[in-house]
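Tertiary structure, described
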Amino acid sequence: MTPFRLATAALAAFFCVAPAFAAEPLQIGFVYQSPVSDVGWVAVHETARKQLEKEFGNRIKTQVVQDVKAGPDGARVIRELVGNGAGLMVLGSFGYMNDGLKAAAENPKVNFVHASGFRQAANFGTYNARWYEAAYVAGLVAGKVTKSNKLGYVGALPIPDVVSTINAFALGAQKSNPAAKVSVVWVNEWFNPGSERDAANTLMQQGADVIGSGFQDNPAVLQAAEAKGVWSIGMFSDHRKSAPQKLLTSLTHDWTPYLRQAVQDTLDGRFKGTAYAATLANGGVSLADWNPGVPADVVQMAKQARADIVAGKLKVFAGPLKDNTGKQRAAPGAALPEADIAGMNWFAEGIQGAIPR
């Protein structure tokens, strides 16, 4: 064999036995508006992130930046993560929308998914949930267990998701108890345990005997209600540890299926910026187990309502529907389209309070 053939054979043998170079892992940046904890909005994201790491193994590498306020801080963190090589960004707060869109336009090879937003681009998708479906069911139960006919809700920030959730809760309560009224106190923050506790105490001082936690990323509202022996309704994750005696239920959700698909699509080079909605029907939204103190017939009523929503038989925002100024929002026999619900900026009839502008 000639020297050339020997060299060629040796080179071929090398490539046959040499291990293939592993592809660089997909770097994924997670940006959260609140600190990481074991319950709440960020906790649900963390559950999904950890599950993704388990499933994708060394194909991905995740990085978390927590407690990032929307605005200049959010913009800076997004730029830094992208600059450090992130190929997928998970923006976990409504307030990151505009800065995220700007970064997506400037970095077309990086994919972005944004929580609770309403604007998409080729490399910028959104994920949200119809919490209002579960809130309506919880409201039905609240209307049955209240003794004072006064219900309270602590609102975080007055974005449409929060408003539609409070409205649905009130409509459910009034369906099962026409005398029920809902008062709302706003804290105008996603995470401020002291202000949230004060708001819950204010509502209870006004006579509310069922308190809803409206998008708070900690259990302060539920703990305040538990201390006074008042029913409460949690948000995002199951809060039974925070209010073991008086928690009626929690409105929960799961981002894992959506984020799993976003990761896989990014790895496969077929990501498209679309809008995803978690619902009772697809399992992305759910309700935690009912408190054992809820009468069996009330639980059955709630289960039937949930089944009817899943089947499409029950539309939460169906007419006749008026806001709390008396203006008709949906005529008899009609139902609000999803686009109107996604932009909801009014309170339903029976809600006492105003939406900050």
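Numbers given for residues are sequential positions, taken from 1 along each chain in its written order. Owing to the predicted nature of the model, reporting of local features is limited to residues with pLDDT of at least 70; listing and counting of side-chain atom pairs is limited to 80 or more, with chain, interface and lining totals taken over all residues. Excluding hydrogens and water, the side-chain values take into account all heavy atoms of the structure.

Attention now goes to the overall build of the chain. Strands here are runs of E lasting at least two residues and helices are runs of H or I lasting at least four, both read from the DSSP assignment and numbered beginning at the N terminus. Along its length, the chain carries eleven helices and 15 strands. Referenced to the eigenvectors of the C-alpha coordinate spread, the extents of the chain come out at roughly 100 × 40 × 40 Å. A separation threshold of at least 6 residues defines the contact pool for the chain, and within that pool the share at least 24 residues apart is 65%. In these tables, accessible area is a Shrake-Rupley quantity obtained with a 1.4 Å probe, and a residue counts as shielded only by the protein chains included in the view. Carbon and sulfur atoms form 53% of the exposed surface of the chain, whose accessible area is close to 16,300 Å². By the counting scheme adopted, Arg and Lys are positive, Glu and Asp are negative, and His together with the chain ends is not counted. In this description, the location of a charge corresponds to atom NZ of lysine, CZ of arginine, CG of aspartate or CD of glutamate. Distance between charge centres in the chain, computed from 34 positive and 29 negative side chains, equals 4 Å. It only takes one pair of heavy atoms within 4.5 Å for two residues to be counted as in contact.

Attention now moves to the pairing of strand β7 (residues 181-186). On a regular strand, one side chain projects to one face of the sheet and the next to the other, so that they alternate. At least two DSSP bridges between two strands are required for those strands to pair. As judged from the six bridges shared by strand β6 (residues 150-155) and β7, these two strands associate in the parallel manner. The residue of β7 that forms the bridge with G155 is W186. By definition, the crossover connecting two strands over a helix is right-handed if that path, from the first strand to the second, turns clockwise as seen with the strands pointing away from the viewer. Handedness of the crossover is the feature at issue here: the chain leaves β6, passes through helix α6 (residues 160-176), returns alongside β7, and the resulting connection is right-handed. Of the pairings in the sheet, the one linking β7 to strand β15 (residues 351-352) comprises two bridges and is parallel in character. Looking at β15, one finds that S183 is bridged to Q352.

Next up on the list: the packing of aromatic side chains. Put simply, two rings from Phe, Tyr or Trp (the six-membered ring, in Trp's case) pair if the centres are within 6.5 Å, and we call them stacked under 30 degrees between planes, edge-to-face over 60, tilted for the rest. Counted by the stated rule, this structure contains 16 aromatic pairs. Ring geometry for W131 against W255: centres 6.2 Å apart, planes inclined by 85°, an arrangement best described as edge-to-face. Of the two residues, W131 sits in helix α5 (residues 131-145) while W255 sits in the loop between β10 (247-253) and α9 (256-268), which places them 124 residues apart along the sequence. Only protein chains enter the accessibility calculation, which uses a 1.4 Å probe. A residue is then buried if its area is under 20% of the maximum for its type, exposed if over 50%, and partly exposed in between. Under the relative-accessibility criterion, W255 is labelled buried at 0%. With 5.3 Å between their ring centres and 50° between their planes, Y132 and F317 make a pair best called tilted. Of this pair, Y132 sits in helix α5 while F317 sits in the loop between α10 (296-311) and β13 (321-322); the two residues are 185 residues apart in sequence, bridging distant segments of the chain. You can call Y132 buried: its relative accessible area is 7%. Three or more aromatic residues link up through ring pairs in this structure, and these residues are W41, Y127, W131, F215, F236, W255, Y258 and Y276. For a ring to carry a charge above it, either NZ of a lysine or CZ of an arginine must fall within 6 Å of the ring centroid while also lying within 35 degrees of the normal to the ring plane. A cation sits over an aromatic face here: K246 above W231, 3.7 Å from the ring centre.

Glancing now at the sheet that holds strand β3 (residues 88-91). Judged by pairing direction, the sheet is parallel, and its six strands sit side by side in the order β2-β1-β3-β4-β5-β11 without closing on themselves. Two strands lie at the open edges of the sheet, namely β2 (60-65) and β11 (275-278), each paired on one side alone. This sheet shows a mean twist of 15° between the axes of neighbouring strands, independent of strand direction. Taken together, the six bridges between strand β1 (residues 26-31) and β2 define a ladder with parallel strand orientation. For I28, the partnering residue across the bridge sits in β2 and is T62. To get an axis, fit a line to the C-alpha atoms, keeping to the stretch in contact for a helix; angles then go from 0 to 180 degrees between the N-to-C directions. Sheet strands in contact with α9 are β1, β2, β3, β4 (111-115), β5 (124-129) and β11, and its direction is about 145° off that of β1.

In this section: the nonpolar core. One broad rule of soluble globular proteins: the nonpolar side chains tend to lie buried together. Only buried residues count toward a nonpolar core. Its members are Ala, Val, Leu, Ile, Met, Phe, Trp, Tyr and Cys residues joined through side-chain atoms within 4.5 Å. In terms of nonpolar packing, the biggest core is built from 83 residues, with L251, W255, L259 and F317 touching the most fellow members. The element contributing the most residues to this core is α5, with eleven residues. Residues V82, A86, V110 and F124 belong to the second largest nonpolar core, which totals 17 residues.

The subject of this paragraph is the pairing of β10. Across the seven residues that make up β10, a large majority, seven, are buried. Sheet topology places strand β9 (residues 231-236) next to β10; five bridges connect them, and they run parallel. Across the sheet, residue F236 finds its bridge partner in β10, namely T252.

Before going further, it helps to spend a moment on the confidence of the model for the chain. Every residue is assigned a pLDDT by the predictor, reflecting its confidence on a scale from 0 to 100. Averaged over all residues, the pLDDT of the chain is 92; the fraction at 70 or higher stands at 94%. Below pLDDT 50 for its whole length, residues 1-21 participates in one contact with residues either more than four positions away or in separate chains.

Another aspect to go through is unusual backbone geometry. A cis geometry characterises the amide bond from G319 onward to P320, with omega recorded as 5°. Mapping P320 onto the fold places it in the loop between α10 and β13. Phi is positive for F215, close to 80°, though the residue is something other than glycine. Along the chain, F215 turns up in the loop between β8 (210-214) and α8 (220-227). Phi is positive for F236, which is not a glycine, with a value near 80°. Within the secondary structure, F236 is located in strand β9.

The subject of this paragraph is the sheet that holds β7. The strand order across the open sheet built from seven strands is β12-β10-β9-β8-β6-β7-β15, with neighbouring strands paired in mixed fashion. A strand with exactly one partner marks an edge of an open sheet, and here the two such strands are β12 (285-287) and β15.

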